[in-house]
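# Summary of structural features
Read off the chains here:
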Amino acid sequence: MSSFALFIPERIIKSFTWGMINIHPSLLPKYRGPSPIQSAILAGEERFGVSIIDLHPKTIDAGHIVAATDAVTLPTSLFYPEIEARLAEMGGELAAAVVNDWDRFWPQRTAQTQAGASHTRKFENADGIVSFGLMTSVEIWNIFRALGHQLSIKVRLTGQNRWVFLEDPVLGPAEPMSGPPGSTRYCRPILWVKARDGHAVGFKQFKLEGKSSIFPAGSFCANFLAKYSVHDPCFQ
(Lines give C-alpha, C1' and ligand atoms only; values in the text may rest on other atoms or scores of the structure.)
Protein backbone atom coordinates (compact mmCIF):
# COMPACT_ATOMS: atom_id res chain seq x y z
CA MET A 1 0.00 0.00 0.00
CA SER A 2 1.02 3.62 -0.50
CA SER A 3 -0.45 7.03 0.42
CA PHE A 4 -3.28 5.57 2.49
CA ALA A 5 -4.24 8.15 5.09
CA LEU A 6 -6.01 5.89 7.60
CA PHE A 7 -4.85 3.26 10.09
CA ILE A 8 -5.43 -0.34 9.05
CA PRO A 9 -6.99 -2.28 11.98
CA GLU A 10 -4.65 -4.81 13.56
CA ARG A 11 -7.09 -7.67 12.88
CA ILE A 12 -6.85 -6.96 9.14
CA ILE A 13 -3.05 -6.74 9.22
CA LYS A 14 -2.85 -10.07 11.05
CA SER A 15 -5.26 -11.71 8.61
CA PHE A 16 -2.40 -11.79 6.09
CA THR A 17 0.26 -14.44 6.64
CA TRP A 18 3.11 -11.95 6.32
CA GLY A 19 1.22 -8.84 7.44
CA MET A 20 1.17 -5.82 5.11
CA ILE A 21 3.83 -3.50 3.70
CA ASN A 22 3.77 0.19 2.96
CA ILE A 23 5.83 2.24 0.48
CA HIS A 24 6.81 5.54 2.11
CA PRO A 25 8.63 8.35 0.22
CA SER A 26 11.29 9.17 2.79
CA LEU A 27 14.21 7.46 4.44
CA LEU A 28 12.55 6.56 7.72
CA PRO A 29 12.50 7.39 10.57
CA LYS A 30 12.74 10.93 9.11
CA TYR A 31 9.55 12.50 7.81
CA ARG A 32 6.90 10.12 9.06
CA GLY A 33 3.32 11.13 8.37
CA PRO A 34 1.20 12.61 5.57
CA SER A 35 3.60 15.04 3.84
CA PRO A 36 7.12 13.61 3.71
CA ILE A 37 8.12 15.06 0.33
CA GLN A 38 6.72 18.55 0.96
CA SER A 39 8.25 18.68 4.42
CA ALA A 40 11.65 17.58 3.13
CA ILE A 41 11.60 20.29 0.45
CA LEU A 42 10.62 22.95 2.99
CA ALA A 43 13.47 21.83 5.24
CA GLY A 44 15.92 22.41 2.39
CA GLU A 45 16.71 18.74 1.85
CA GLU A 46 18.46 17.84 -1.39
CA ARG A 47 18.69 14.08 -0.79
CA PHE A 48 15.59 11.89 -1.01
CA GLY A 49 14.75 8.22 -0.78
CA VAL A 50 12.04 5.61 -0.29
CA SER A 51 11.42 3.10 2.50
CA ILE A 52 9.32 -0.06 2.54
CA ILE A 53 8.02 -0.98 5.98
CA ASP A 54 5.60 -3.39 7.55
CA LEU A 55 2.50 -1.82 9.06
CA HIS A 56 2.58 -0.83 12.72
CA PRO A 57 -0.91 -1.19 14.25
CA LYS A 58 -0.57 1.77 16.63
CA THR A 59 1.88 4.35 15.26
CA ILE A 60 1.91 5.80 11.77
CA ASP A 61 4.95 4.92 9.63
CA ALA A 62 6.72 3.26 12.56
CA GLY A 63 6.89 -0.31 11.26
CA HIS A 64 10.02 -2.37 10.69
CA ILE A 65 12.09 -1.32 7.69
CA VAL A 66 11.98 -4.12 5.13
CA ALA A 67 14.07 -2.26 2.53
CA ALA A 68 15.17 1.24 1.60
CA THR A 69 16.72 2.88 -1.42
CA ASP A 70 19.99 4.75 -1.33
CA ALA A 71 19.59 8.50 -0.93
CA VAL A 72 19.59 10.33 -4.25
CA THR A 73 20.46 13.99 -4.72
CA LEU A 74 17.84 15.87 -6.73
CA PRO A 75 18.23 19.39 -8.19
CA THR A 76 16.69 22.26 -6.23
CA SER A 77 15.01 23.31 -9.47
CA LEU A 78 12.59 20.37 -9.22
CA PHE A 79 9.11 20.93 -7.81
CA TYR A 80 6.96 18.50 -5.81
CA PRO A 81 5.24 16.77 -8.78
CA GLU A 82 8.59 15.99 -10.40
CA ILE A 83 10.12 14.73 -7.15
CA GLU A 84 7.01 12.67 -6.36
CA ALA A 85 7.19 11.03 -9.81
CA ARG A 86 10.87 10.19 -9.35
CA LEU A 87 10.29 8.68 -5.89
CA ALA A 88 7.23 6.77 -7.11
CA GLU A 89 9.38 5.14 -9.78
CA MET A 90 12.05 4.29 -7.21
CA GLY A 91 9.43 2.93 -4.82
CA GLY A 92 7.86 0.76 -7.49
CA GLU A 93 11.23 -0.74 -8.43
CA LEU A 94 12.07 -1.39 -4.78
CA ALA A 95 8.67 -2.97 -4.08
CA ALA A 96 9.10 -5.29 -7.06
CA ALA A 97 12.52 -6.32 -5.78
CA VAL A 98 11.12 -7.04 -2.30
CA VAL A 99 8.22 -9.13 -3.61
CA ASN A 100 10.44 -11.06 -6.00
CA ASP A 101 12.97 -11.86 -3.28
CA TRP A 102 10.71 -11.95 -0.25
CA ASP A 103 12.54 -14.73 1.57
CA ARG A 104 15.69 -12.60 1.65
CA PHE A 105 14.18 -9.22 2.55
CA TRP A 106 11.54 -10.18 5.12
CA PRO A 107 13.76 -11.95 7.69
CA GLN A 108 16.25 -9.05 7.57
CA ARG A 109 13.74 -6.32 8.41
CA THR A 110 14.90 -4.02 11.20
CA ALA A 111 13.12 -1.93 13.82
CA GLN A 112 13.21 1.84 13.38
CA THR A 113 15.19 3.85 15.89
CA GLN A 114 13.75 6.95 17.51
CA ALA A 115 17.00 8.81 16.95
CA GLY A 116 16.42 11.22 14.08
CA ALA A 117 12.70 10.50 13.89
CA SER A 118 10.53 13.38 12.70
CA HIS A 119 6.84 13.79 11.96
CA THR A 120 5.05 15.72 9.24
CA ARG A 121 1.62 17.32 9.10
CA LYS A 122 -1.08 18.25 6.65
CA PHE A 123 -0.75 21.74 5.21
CA GLU A 124 -3.37 24.50 5.33
CA ASN A 125 -4.06 27.62 3.27
CA ALA A 126 -2.07 29.75 5.73
CA ASP A 127 1.06 27.79 4.82
CA GLY A 128 0.94 29.48 1.42
CA ILE A 129 1.54 32.96 2.88
CA VAL A 130 5.02 34.35 2.23
CA SER A 131 6.77 37.40 3.69
CA PHE A 132 9.70 38.97 1.87
CA GLY A 133 10.61 40.84 5.05
CA LEU A 134 10.83 37.69 7.17
CA MET A 135 11.85 34.92 4.76
CA THR A 136 14.95 34.26 2.69
CA SER A 137 14.79 33.81 -1.07
CA VAL A 138 15.47 30.08 -0.69
CA GLU A 139 12.70 29.68 1.90
CA ILE A 140 10.21 31.37 -0.44
CA TRP A 141 11.44 29.32 -3.41
CA ASN A 142 11.03 26.11 -1.42
CA ILE A 143 7.45 27.04 -0.46
CA PHE A 144 6.65 27.21 -4.17
CA ARG A 145 8.46 23.93 -4.83
CA ALA A 146 6.73 22.11 -1.98
CA LEU A 147 3.24 23.59 -1.89
CA GLY A 148 2.60 25.45 -5.15
CA HIS A 149 0.81 22.44 -6.65
CA GLN A 150 -1.80 22.42 -3.86
CA LEU A 151 -1.97 25.92 -2.37
CA SER A 152 -2.14 29.48 -3.68
CA ILE A 153 1.08 31.26 -2.72
CA LYS A 154 0.25 34.81 -1.65
CA VAL A 155 1.57 38.00 -0.06
CA ARG A 156 0.12 41.38 0.88
CA LEU A 157 1.06 44.65 -0.74
CA THR A 158 2.50 47.11 1.79
CA GLY A 159 -0.28 49.23 3.28
CA GLN A 160 -3.05 47.17 1.70
CA ASN A 161 -5.20 44.31 2.91
CA ARG A 162 -5.77 42.54 -0.40
CA TRP A 163 -3.81 39.41 -1.19
CA VAL A 164 -1.58 39.21 -4.22
CA PHE A 165 -1.25 35.69 -5.63
CA LEU A 166 2.23 35.01 -7.00
CA GLU A 167 2.55 32.94 -10.18
CA ASP A 168 5.31 31.42 -12.30
CA PRO A 169 8.28 31.88 -9.92
CA VAL A 170 11.95 32.16 -10.90
CA LEU A 171 14.85 31.94 -8.46
CA GLY A 172 17.00 35.06 -8.66
CA PRO A 173 20.66 35.49 -9.62
CA ALA A 174 23.47 34.98 -7.13
CA GLU A 175 24.15 38.73 -6.85
CA PRO A 176 22.23 40.50 -4.05
CA MET A 177 19.61 43.09 -4.96
CA SER A 178 19.64 46.68 -3.70
CA GLY A 179 16.86 48.20 -1.61
CA PRO A 180 14.97 46.93 1.45
CA PRO A 181 13.26 43.51 1.60
CA GLY A 182 10.01 43.65 -0.36
CA SER A 183 11.31 46.16 -2.90
CA THR A 184 11.08 45.31 -6.58
CA ARG A 185 12.89 45.57 -9.91
CA TYR A 186 11.21 44.87 -13.24
CA CYS A 187 13.26 43.31 -16.03
CA ARG A 188 10.94 42.11 -18.75
CA PRO A 189 9.26 39.65 -18.40
CA ILE A 190 10.07 39.18 -14.68
CA LEU A 191 9.32 41.26 -11.60
CA TRP A 192 12.08 40.59 -9.06
CA VAL A 193 11.26 40.96 -5.35
CA LYS A 194 14.00 41.21 -2.75
CA ALA A 195 13.82 38.83 0.21
CA ARG A 196 15.26 39.11 3.72
CA ASP A 197 18.64 37.66 2.72
CA GLY A 198 19.20 40.30 0.04
CA HIS A 199 18.54 37.95 -2.86
CA ALA A 200 15.49 38.00 -5.11
CA VAL A 201 12.70 35.74 -6.27
CA GLY A 202 11.11 36.63 -9.59
CA PHE A 203 7.55 36.25 -10.86
CA LYS A 204 6.15 36.39 -14.37
CA GLN A 205 2.46 36.60 -13.47
CA PHE A 206 0.27 37.93 -10.67
CA LYS A 207 -3.35 37.72 -9.63
CA LEU A 208 -5.03 40.17 -7.27
CA GLU A 209 -7.63 39.13 -4.72
CA GLY A 210 -11.07 40.02 -6.00
CA LYS A 211 -10.03 40.10 -9.65
CA SER A 212 -10.29 37.22 -12.10
CA SER A 213 -7.60 38.47 -14.47
CA ILE A 214 -4.03 37.21 -14.41
CA PHE A 215 -1.60 40.09 -14.93
CA PRO A 216 1.77 39.70 -16.64
CA ALA A 217 4.53 41.23 -14.51
CA GLY A 218 4.77 44.42 -16.59
CA SER A 219 1.03 45.06 -16.47
CA PHE A 220 0.94 44.36 -12.73
CA CYS A 221 3.72 46.91 -12.14
CA ALA A 222 1.98 49.60 -14.20
CA ASN A 223 -1.42 49.09 -12.59
CA PHE A 224 -0.62 48.35 -8.95
CA LEU A 225 2.95 49.36 -8.09
CA ALA A 226 3.20 52.81 -9.68
CA LYS A 227 2.48 54.60 -6.39
CA TYR A 228 5.52 53.06 -4.68
CA SER A 229 8.91 54.71 -5.06
CA VAL A 230 11.88 52.77 -6.38
CA HIS A 231 13.20 52.01 -2.90
CA ASP A 232 9.87 51.38 -1.17
CA PRO A 233 9.09 47.84 -0.02
CA CYS A 234 6.06 47.08 -2.22
CA PHE A 235 5.46 43.70 -0.62
CA GLN A 236 5.31 42.78 3.04
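The preceding data block contains the structure.
These lines cover the structure that appears in this document, whether it is placed above or below. Since this is a predicted model, take the numbers as computed values, not measurements.

We now examine the pattern of salt bridges. For the structure shown, the criterion picks out 4 salt bridges. Where Arg 104 meets Asp 101, a salt bridge forms, and the shortest distance between an N and an O atom there is 2.7 Å. Looking at Asp 101, the relative accessible area reads 31%, which means it is partly exposed. Residue Asp 127 pairs with Arg 121 through a salt bridge whose shortest N-O separation is 2.8 Å. In this structure Arg 121 comes out as partly exposed when scored by relative accessible area, which is 43%.

You can see Lys 194 is positioned in strand β9 (residues 190–194). Salt bridges are absent for the buried Lys 194, whose nearest opposite-charge side chain, Asp 197, sits at 8.3 Å. In this structure the side chain of Lys 194 is engaged in a polar contact, spanning 3.0 Å, whose partner is the backbone oxygen of Met 177. In contact with Lys 194, not counting residues within four places along its chain, are Phe 132, Met 177, Ser 178, Gly 179, Pro 180, Pro 181, Gly 182, Ser 183, His 199 and Ala 200.

For the rest of this paragraph, the subject is the nonpolar core. In terms of nonpolar packing, the biggest core is built from 43 residues, with Val 130, Phe 132, Val 164, Leu 166, Phe 206, Phe 220 and Phe 235 touching the most fellow members. Sequence-distant contacts of Phe 206, that is, excluding residues within four places in its chain, are made with Val 164, Phe 165, Leu 166, Glu 167, Leu 191, Ser 213, Ile 214, Phe 215, Ala 217, Phe 220 and Phe 235. Within the second largest apolar cluster, 10 residues are counted, among which are Ile 52, Ala 67, Leu 94 and Ala 95.

In terms of residue burial, helix α5 (residues 137–147) counts as a mostly covered element, since 9 of its 11 residues are buried. Turning to α5, its buried residues are Ser 137, Ile 140, Trp 141, Asn 142, Ile 143, Phe 144, Arg 145, Ala 146 and Leu 147. Considering only its buried residues, α5 is in contact with α2 (36–42), α3 (80–100), β7 (163–171) and β10 (200–208).

A few words now on the pairing of β7. Strand residues, when the strand is regular, have side chains that alternate between the two faces of the sheet. Across 3 bridges, the pairing between strand β6 (residues 154–156) and β7 is antiparallel. Each bridged residue has a counterpart across the sheet, and for Val 155 the counterpart in β7 is Val 164. Joining the antiparallel neighbours β6 and β7 is a turn of 6 residues, in which Gly 159 adopts a positive phi near 80°. Note: β7 against β10, 7 bridges, orientation antiparallel. Its bridge partner being in β10, Val 170 is matched across the sheet by Gly 202.

Here Leu 28 and Pro 29 are connected by a cis peptide whose omega angle stands at 20°. With respect to the helices and strands, the residue Pro 29 is situated in the loop between β1 (21–24) and α2. Within the chain, Tyr 31 stands out as a residue other than glycine whose phi angle is a positive 65°. Take Tyr 31: it is sitting in the loop between β1 and α2. Judged by its relative accessible area of 13%, Tyr 31 falls in the buried class.

Another point: the layout of surface pockets. Here the second largest pocket is characterised by a volume of approximately 160 Å³. Taken together, 13 residues make up the lining of the second largest pocket; nearest its centre are Leu 27, Tyr 31, Arg 47, Phe 48 and Gly 49. Broken down by secondary-structure element, the contributors of at least two residues to the lining of the second largest pocket are α2 and β2 (47–48). Among the elements that line the lining of the second largest pocket, the one with the most residues is α2, at 3 residues. A class-by-class count of the residues in the lining of the second largest pocket yields 8 nonpolar, 2 polar and 3 charged.

About the thresholds
Residues numbered from 1 in each chain as written. Predicted model: local features only at pLDDT ≥ 70, side-chain atom pairs only at ≥ 80, totals over all residues. Heavy atoms only, no water. Salt bridge = Lys/Arg side-chain N within 4 Å of Asp/Glu carboxyl O. Buried < 20%, exposed > 50% of the residue type's maximum accessible area, 1.4 Å probe, protein only. Helix = DSSP H or I, 4+ residues; strand = E, 2+ residues; numbered from the N terminus. Lys, Arg positive; Asp, Glu negative; His and termini not counted. Polar contact = N/O pair within 3.5 Å; in protein donor to acceptor, adjacent residues only side chain to side chain. Contact = heavy atoms within 4.5 Å. Core = buried A, V, L, I, M, F, W, Y, C linked by side-chain atoms within 4.5 Å. Pairing = 2+ DSSP bridges. 1 Å grid on protein atoms, 1.4 Å probe; cavity = no way out; pocket = protein on both sides within 12 Å on 5 of 7 lines; lining within 4 Å. Points joined across faces, edges and corners; volume = space filled by probe spheres on them. Nonpolar A, V, L, I, M, F, W, Y, C, P; charged D, E, K, R; others polar.

Any functional reading would require information that these geometric values do not contain.
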